[in-house]
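Residues per chain are reported as follows:
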Amino acid sequence: RKCPTRPQLQLGVHGLSHGQPWRLFTTSRCSWSRDDEPWQDRPGGDRLIDEGSFVHMEVDLRGVKSKLGTFAMAINDEPFEALFDDLPLNTPYPLIPVVSMGGPQPR
């Protein structure tokens, strides 16, 4: 069942001062969202990240194969999954790793 609001814990990158671009995925379903777009289902189906799991995030801003950066994640010793291939590279601001609480009234 899909959560009608933002899930509880989100991992990813934000622009400076939490501005866009936002690239996030959730620990509750591994669904993902960019900027203010609706949450998207994980192509392989829901995947819960449990307490004690190691989450590996890889952000490639080299622009080797494209004019955009990529974002991938892996859980524990599983292979990396590509989440985003559209991180802007020609911006005057840095991208900042984030762990944020979501939901209708985060604290």
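None of the values given here were measured: they were computed from a predicted structure. (Residues numbered from 1 in each chain as written. Predicted model: local features only at pLDDT ≥ 70, side-chain atom pairs only at ≥ 80, totals over all residues. Heavy atoms only, no water.)

## With respect to the pairing of strand E6 (residues 81-88)
Defined as follows: Whether two strands pair comes down to DSSP finding at least two bridges between them. A run of H or I in DSSP counts as a helix once it spans at least four residues, and a run of E counts as a strand once it spans at least two, with each numbered from the N terminus.
As judged from the 5 bridges shared by strand E5 (residues 68-75) and E6, these two strands associate in the antiparallel manner. Bridged to Met-73 within E6 is Glu-81. Hairpin connection of E5 to E6: 5 residues between the antiparallel strands, including Asn-76 at a positive phi of 55°.

## A word on the nonpolar core
Heads up, the condition is: Take the buried Ala, Val, Leu, Ile, Met, Phe, Trp, Tyr and Cys residues and link them wherever side-chain atoms come within 4.5 Å; each set so joined is a nonpolar core. Note on exposure labels: buried denotes an accessible area under 20% of the residue type's maximum, exposed denotes more than 50%, and partly exposed covers the range between, all computed with a 1.4 Å probe on protein chains only. Contact between two residues is taken to exist if any of their heavy atoms lie within 4.5 Å; hydrogens are not considered.
Formed by Leu-11, Val-13, Phe-25, Cys-30, Trp-32, Ile-49, Phe-71, Met-73, Ile-75, Leu-83, Phe-84 and Leu-87, the largest nonpolar core amounts to 12 residues. Of all the elements in the fold, those that place two or more residues in this core are strand E1 (9-14), E5 and E6. Beyond its immediate stretch of four places on either side in the chain, Leu-11 contacts Arg-23, Leu-24, Phe-25, Thr-27, Val-55, Met-57, Val-98 and Val-99.

## Considerations on the sheet that holds strand E2 (residues 23-26)
Applicable threshold: Helix axes are fitted to C-alpha atoms over the stretch in contact, other axes to C-alpha atoms as well, and angles between N-to-C directions run from 0 to 180 degrees.
The 4 strands lie next to each other as E3-E2-E1-E7, forming an open sheet whose pairing is antiparallel. Where the open sheet ends on each side, the last strands, each with one partner, are strand E3 (32-34) and strand E7 (96-101). If you compare each strand with its neighbour and ignore which way they point, the axes differ by 20° on average. Two elements, E1 and E7, share 6 bridges in a ladder whose sense is antiparallel. Of the residues in E7, the one forming a bridge with Leu-11 is Val-99.

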